2 protein chains.
Amino acid sequence: MSDSPAPASPFVPVVPAGGAGTRLWPLSRAARPKFLLDLTGAGESLLQQTLRRLAPLADRSPIVVTGAAHEAAVREQSGEGVRVLAEPSARNSMPAIALAAALAAREDEDAVIGSFAADHLIRDTSAFEQAVRSAHRAAELGYLVTLGVQPTHAATGFGYIEQAAEGSALVGPLPDLAGTGARPVAAFVEKPDLARAEEFLASGRHSWNAGMFVVRANVLLDALAEQIPALADGARRIAAAIGTDAEQQVLAELWPTLTSIAIDHALAEPLAAQGRVAVVPAPFDWDDVGDLAALARQLRERGSADGTDGGDGADGAGPVPSAEGIRVLGSARTLALDAQATVYGSSERLIALVGVERLSVVETDDVLLILADDHAQSLSSLVKRLEGEGLGDLR
Amino acid sequence: MSDSPAPASPFVPVVPAGGAGTRLWPLSRAARPKFLLDLTGAGESLLQQTLRRLAPLADRSPIVVTGAAHEAAVREQSGEGVRVLAEPSARNSMPAIALAAALAAREDEDAVIGSFAADHLIRDTSAFEQAVRSAHRAAELGYLVTLGVQPTHAATGFGYIEQAAEGSALVGPLPDLAGTGARPVAAFVEKPDLARAEEFLASGRHSWNAGMFVVRANVLLDALAEQIPALADGARRIAAAIGTDAEQQVLAELWPTLTSIAIDHALAEPLAAQGRVAVVPAPFDWDDVGDLAALARQLRERGSADGTDGGDGADGAGPVPSAEGIRVLGSARTLALDAQATVYGSSERLIALVGVERLSVVETDDVLLILADDHAQSLSSLVKRLEGEGLGDLR
């Protein structure tokens, strides 16, 4: 952390709300992605929680970039004071963030954007704010700043951010980071195997890449112009048309020409090699709620944190743990004996569980899923089979 | 088996259809007991299968004795040619069988009755018939004859029939059993602990008591008159009134006075001590479908025996095994990955199973049960809790 004065440049939150994952099926569907759902019984969707978390930091109204199919739902959930940009087609994260950056830069050439996925969970909002403000200060120096999540185990499912070694010669052209709370980044590393993940965990210099980036909008666009000029140019031209009569036409013409690429490959990796990336430690809880086992874990922790206890789950006030180790998200009534499970459902039926362990039970109108938590990662394979089984409408 | 001539006395099947067990809940309910259900996808209830199995043996129409609450359903399932006697209240098996015996004796004093529970499964009907005919011949000699099921494991959930040792002195007053296929019984033994059950299994002289009794109606009533005179007398008096104007009045008056006792305690045990009980080996499959794990096993075996294979379970033609080790009873559609389970259900919803093992999933309109098969015996404890949880209507 740091005692530097508050940043002078305006901060604009950017929220890419994309990705139709299958690992929370049947809670999430192709038409009802994870970020639109209240997965934790918080009374708000993950998108709404994300926007609420960013609100105290915002100097300009936040920009949500989402797929055209979800535009209406996103607008409804976001409410007043949030700008929603609809992508005509999915082009990965770089075009979405570049467009938001171009819109922010059009309004204020000093604008600093902070991009945060719409479907991650962070509970310690105060630590989150503090880290983003540190990142903001480092971004004002011209860095692409990422927030690095402290690893809690040797995860093989995340990319890693490798901090430059203490005292290593800095190759970059940018001002020193002293006083910002940020550290120079040596490299981004793709998802490792277990042996490397264990090395990373032991090194103390590696953090998880949670896709959180803070950067001056014009720094991002200029750097992108070096790497993929047409993409930077296209983003600026679309942003210039937003709010004008030509908006839809320009979007329809240019969007399909933009390179489909992730910000990690388009910018983070090449800029890290040039010493232009910094990392701020993210000393807060973070969870991408990657599958039902992760969600079950979140519900267990949240249940404890909230101090909730036994009950019938019918009060709708969040996940309810029972004496039998049953967590309920929804209004479903459960009765259990020697059972440990997480239950998602709101049907009128009694859900009775006997002798089961580490199970997720998801009841929706059209699907009942019973999943062993240690097979949570296999769920995608099952969802992929739906189409072939003539059940594509359940995706 | 034996080459004796066919028995001369008429055989009257008796089917006690009672007992509202809880171990197949929520398939069976207090108001919809196991014997009324088609639990195996055979297209018939267990009661109907029992009656069909007995039909080739019957010289007189079978007598079903059931609780008043189930009389209408039993009549509907039994159809023409079956007599249904409704007990005003549950008095255990002896009064029910005594009443049926008295009715059979009233019609034909030589009648031999054979009593078989309404909710057991036997697939090898030909071996069953042969064993009952052997028992019939032994019964004509004056014995109370039981069919002894060959133990397949050291079960602690059944009582055992102990055959007299080869060459042991017979204490009884009855003719020799030679040529009947039956052997004298030394004793009935209550459910043993595991150590004793293992001894029994090793002895070669112990068989499971499946509650199948064949006996001359008058032998039964006379023996009962020695043991519990009022019960024998009451049964005869009620039987005399059946079909007359006084039937309901006599039943209402006398039935509540009859001793509530099982045939094992009332007759089988004391008569065995007098050398008046014989056992016929039951060389057929037998299952009392005691819990959901037993039912799952039945469905697996039946599936194999029927030669059914992969499918979606929607054809209603019995339990359908899938490539993933899923058996379905009902029309429920399943999709599975690394899963082994038995599914009972006919809702429209897809039931998706991932990574689960040895599980029973029961879907009814008002209950979803997920039960680890190794906890099948615990189900009763859960069902007992329903009342206290304000869910008594789900019993």
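Computed from a prediction, not measured in an experiment: that's the story for all the values here.

The rules behind each value
- Residues numbered from 1 in each chain as written.
- Chains lettered and ligands numbered in written order.
- Predicted model: local features only at pLDDT ≥ 70, side-chain atom pairs only at ≥ 80, totals over all residues.
- Heavy atoms only, no water.
- Contact = heavy atoms within 4.5 Å.
- Buried area = accessible area lost by both parts, 1.4 Å probe.
- Salt bridge = Lys/Arg side-chain N within 4 Å of Asp/Glu carboxyl O.
- Polar contact = N/O pair within 3.5 Å; in protein donor to acceptor, adjacent residues only side chain to side chain.
- Helix = DSSP H or I, 4+ residues; strand = E, 2+ residues; numbered from the N terminus.
- Nonpolar A, V, L, I, M, F, W, Y, C, P; charged D, E, K, R; others polar.
- Pairing = 2+ DSSP bridges.
- Buried < 20%, exposed > 50% of the residue type's maximum accessible area, 1.4 Å probe, protein only.
- Least-squares fit on C-alpha atoms with pLDDT ≥ 70 in both.
- Axes fitted to C-alpha atoms, helices over the stretch in contact; angles between N-to-C directions.
- Parallel < 35°, antiparallel > 145°, perpendicular 65-115°, else oblique.
- Left-handed = near helix turned anticlockwise from the far one by under 90°.
- Arc of directions from axis to C-beta.
- pLDDT = per-residue confidence, 0-100.

1. Topic: the interface of chain A and chain B
At the interface, 37 residues of chain A touch 37 residues of chain B. For the pair chain A and chain B, the two sides together bury roughly 3100 Å², of which 65% comes from carbon and sulfur. Counting the contacts that link chain A with chain B gives four salt bridges. For Arg349(A), the salt bridge goes to Glu363(B), with nearest N and O atoms at 2.8 Å. Where chain A touches chain B, the interface holds 20 residue pairs in polar contact (both at pLDDT 80 or more). If one sorts the elements of the side of chain A that touches chain B by residue count, strand S16 (residues 367-372) of chain A sits on top with six residues. Here the residues of the side of chain A that touches chain B sort into 23 nonpolar, five polar and nine charged. Pairing between S16(A) and strand S14 (residues 350-354) of chain B: five bridges, direction parallel. Bridged to Ile370(A) within S14(B) is Leu353(B).

2. Overview of unusual backbone geometry
With glycine set apart, most residues show a phi of negative sign, and most peptide bonds adopt trans. Between Trp25(A) and Pro26(A) the backbone carries a cis peptide bond, its omega angle lying at 0°. Among the structural elements, Pro26(A) can be located in the loop between strand S1 (11-17) and helix H1 (46-54). For Val289(B), which is not a glycine, the phi torsion comes out positive at approximately 45°. Structurally, Val289(B) is set in the loop between strand S9 (277-282) and helix H10 (292-306). Under the relative-accessibility criterion, Val289(B) is labelled buried at 0%.

3. Let's talk about the relation of the copies chain A and chain B
When chain A is brought onto chain B, the operation consists of a screw motion whose angular component is 180° and whose axial shift is 0.1 Å, with 0.1 Å RMSD remaining. With respect to symmetry, the two chain copies, as superposed, fit the operation of a two-fold axis. Residue Ile370(A), judged by its C-alpha, is the member of chain A lying nearest the rotation axis, at 4.4 Å. A shared binding surface is used by both copies, with 100% of the interface residues of chain A retained as interface residues in chain B.

4. Focus: the packing of helix H3 (residues 93-107) of chain B against helix H6 (residues 217-227) of chain B
Residues and elements named next belong to chain B. Here H3 crosses H6 at 130°, and the two axes come no closer than 8 Å. One finds that H3 runs oblique with respect to H6. Crossing of H3 against H6: the hand is left-handed. Residues Met94, Ile97, Ala98, Ala101, Ala102, Ala104 and Ala105 of H3 lie in contact with H6, whose contacting residues are Ala217, Asn218, Leu220, Leu221 and Leu224. Its residues assigned to classes, the contact of H3 with H6 shows eleven nonpolar, one polar and no charged.

5. Looking at helix H11 (residues 379-388) of chain A
Residues and elements named next belong to chain A. Within the span of H11, buried status applies to Leu379, Ser380, Leu382, Val383 and Leu386. All buried residues of H11 fall inside an arc of 160° around its axis, so they share one side. Exposed side of H11, more than 90 degrees from the buried face: Lys384 and Gly388 are the residues found there.

6. Things to note about the confidence of the model for chain A
Residues and elements named next belong to chain A. In this model, chain A carries an average pLDDT of 90, and 92% of its residues clear a pLDDT of 70 or more. Across residues 305-317 the pLDDT falls below 50, and counting only partners more than four positions away or on other chains, this stretch makes 20 contacts in the model. Model confidence for the complex: the whole-complex pTM is 0.82, and ipTM, which rates the interface, is 0.82.

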